[in-house]
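So you can see what is in the structure, the chains are spelled out below.
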Amino acid sequence: MDPMARAFDLAARALGRTAPNPPVGAVVVRDGAIVGEGHHLAAGQPHAETVALAEAGERARGATLFVSLEPCAHQGRTPPCAEAIIAAGVAEVRYAVDDPDPRVSGRGHRALEAAGVRVVAGERRTDGSELLRGYLTRQRAGRPWVTAKYAMSLDGKIATRTGDSRWISGEASRRYAHALRDRADAVVVGIGTVLADDPSLTVRPAPPDGRQPRRVVVDSRLRLPPGAALAGPPLAPGATVAYVEHQDPGDPDRGRRAALLRERGLELLPLPADPAGRVDLPALLSELGRRGMNEVLVEGGGELLAGLLEAGLVDEVEACVAPVLIGGAGAPTPLRGRGAGRLVDAPRWHVVDVTPRAPDVWLRVRPDRGVEERDV
């Protein structure tokens, strides 16, 4: 296997688990054979380079290290990777992506070269940028990478006119949807989705490490029922509820509802309002970025998705199209909001991938600004 491709495979194992750090993989090669490899497990744990070098031991001397991201040269929760590489006697380092973190950017590269290590930057840079898309977006834009996901019928409905939606998609699609949750640092939904479906928003079956994404409900008026699945055991801590911080004089009961939600272990996150009096979505994403979240998955509803799209805050859409025709003028669609008045005003997206997951087909689309253009 191509050593850099192996480093990427290792890094992919860490998706959703390393925030606020990036998912990184590293491989040590000597005389054409892999003698050490590793990936970053979680913030505060050894970095990928350190793990790979420890496995290689003395075989690292004179070897080549392949790593998906520029090695760090600063003291954080763990020692600088550049120092460990130099101490191990590595002859050459090849990395995919420059680290935009101002504590790292270029410093790792320069420290290695100053110590006589050959350094090659940008190997398979596009592939590395795709793997690191969440971290790169947060470092450059101050917010997470946002993926919007929904399942719809051939005629664009997400439920029948009576609200029945289980199940539009097939079993293979539902497994993939849980895989998307597993790589996300948070799953975000609107209060309408919670009131209609009472979802738990967990990864099922639970991954071996037991890790679950943070669950975030956009609920401007604090309508979340204290008995909702999001607030219940066995998960701890409970979800985060993002709401408009100003008091509504027409809602004297809001304080009592807030107290009940806090008693159930939910975090209440006050945010400014947008012009329509709803949660300001750029402020929400900035806060999630401040908390170190690299990727978030948005699962609805229609008003939330429309608001994010109108604000240019969606980086990717994962749309499941099921071979069923629902019909009905009153049946809901994935997007609500005002919508485009003319077709020429509707933004065009490009198709990144089309994948059959029988009996459904998944479309992965992005606006005309990819991770490479935006982040690197």
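One structure accompanies this document, and this report is about it. (Residues numbered from 1 in each chain as written. Predicted model: local features only at pLDDT ≥ 70, side-chain atom pairs only at ≥ 80, totals over all residues. Heavy atoms only, no water.)

Observations regarding the overall build of the protein chain
Working step 1: Helix and strand content of the protein chain: 12 helices and 14 strands.
Working step 2: Taking 2.2 N^0.38 as the reference for a compact globule, 376 residues should give roughly 21 Å; the C-alpha atoms of the protein chain span a radius of gyration of 23 Å, in line with that estimate.
Working step 3: Each of the three principal axes of the protein chain carries a C-alpha extent, and together these read 70 × 45 × 40 Å.
Working step 4: When burial is assessed residue by residue, the protein chain has 51% of its 376 residues classed as buried.
Working step 5: Put simply, of all contacts in the protein chain between residues at least 6 apart along the chain, 74% involve residues at least 24 apart.
Working step 6: Charge centroids of the protein chain, computed over 49 positive and 49 negative side chains, lie 3 Å from each other. (Helix = DSSP H or I, 4+ residues; strand = E, 2+ residues; numbered from the N terminus. Rg over C-alpha atoms; globule rule 2.2 N^0.38 Å. Buried < 20%, exposed > 50% of the residue type's maximum accessible area, 1.4 Å probe, protein only. Contact = heavy atoms within 4.5 Å. Lys, Arg positive; Asp, Glu negative; His and termini not counted. Charge placed at Lys NZ, Arg CZ, Asp CG, Glu CD.)

Observations concerning the sheet that holds strand β10 (residues 267-271)
Working step 1: The strand order β10-β9-β8-β7-β11-β6-β12-β14-β13 describes an open sheet built from 9 strands, whose pairing is mixed. Of all the strands in the sheet, just β10 and β13 (350-357) have a single pairing partner and so form its edges. When strand polarity is set aside, the average angle formed by the axes of neighbouring strands in this sheet is 25 degrees.
Working step 2: In the sheet, strand β8 (residues 214-218) pairs with strand β9 (residues 240-244) via 3 bridges, with the strands oriented parallel. In the sheet register, V216 faces β9, and the bridge partner there is T240. (Pairing = 2+ DSSP bridges. Axes fitted to C-alpha atoms, helices over the stretch in contact; angles between N-to-C directions.)

Examining helix α10 (residues 281-290)
Working step 1: Of all 10 residues that make up α10, 7 are buried, and the element is covered over most of its length.
Working step 2: Every buried residue belonging to α10 is among L281, A283, L284, L285, E287, L288 and G289, and all of these are buried.
Working step 3: The backbone nitrogen of A283 lies 2.8 Å from a side-chain oxygen of the residue at the head of α10, namely D280.
Working step 4: Following α10 by one or two positions, G292 adopts a phi angle in the positive range, close to 85 degrees. (Polar contact = N/O pair within 3.5 Å; in protein donor to acceptor, adjacent residues only side chain to side chain.)

Description of the nonpolar core
Working step 1: Ranked by internal contacts, the top residues of the largest apolar core, which has 38 residues, are V28, V90 and V93.
Working step 2: When residues of this core are traced back to their parent elements, those giving at least two are α1 (3-12), β1 (25-30), α2 (48-56), β3 (64-69), α3 (81-88), β4 (92-97) and α6 (133-141).
Working step 3: For V90, the residues in contact, after removing those within four places along its chain, are L53, A60, G62, A63, L65, I85 and V117.
Working step 4: Listed in part, the 27 residues of the second largest apolar core include V146, A148, V296 and V314. (Core = buried A, V, L, I, M, F, W, Y, C linked by side-chain atoms within 4.5 Å.)

What about the packing of α3 against helix α4 (residues 107-114)?
Working step 1: Close contact between α3 and α4 brings their axes to 9 Å; oriented N to C, the two are set at 20 degrees. Here α3 is positioned roughly parallel relative to α4, judged by the angle of their axes. Here α3 and α4 pass one another in a crossing that is right-handed. Here A82, I85 and I86 of α3 lie close against α4, whose contacting residues are G108, A111 and L112. (Parallel < 35°, antiparallel > 145°, perpendicular 65-115°, else oblique. Left-handed = near helix turned anticlockwise from the far one by under 90°.)

Quick notes on a nonpolar patch on the surface
Working step 1: On the surface, V351, V354, V361 and L363 cluster together into a nonpolar patch covering about 290 Å² of accessible area.
Working step 2: Listed by contribution, the elements that provide at least two residues to the nonpolar patch are β13 and β14 (360-366).
Working step 3: Within the secondary structure, V351 is located in strand β13. (Patch = residues over 30% accessible without salt bridge, like charges linked within 9 Å, V, L, I, M, F, W, Y side chains within 5 Å. Areas by Shrake-Rupley, 256 points an atom, 1.4 Å probe, with all protein chains shown as cover. Salt bridge = Lys/Arg side-chain N within 4 Å of Asp/Glu carboxyl O.)

Concerning unusual backbone geometry
Note on backbone geometry: most residues besides glycine have negative phi, and most peptide bonds are trans.
Working step 1: Residues R204 and P205 are joined by a peptide bond in cis, for which omega reads -5 degrees.
Working step 2: One can find P205 in the loop between α8 (191-197) and β8.
Working step 3: Cis geometry is found at the peptide bond from G300 to G301, where omega equals 0 degrees.
Working step 4: Inspection of the secondary structure assignment puts G301 in the loop between β11 (295-298) and α11 (302-310).

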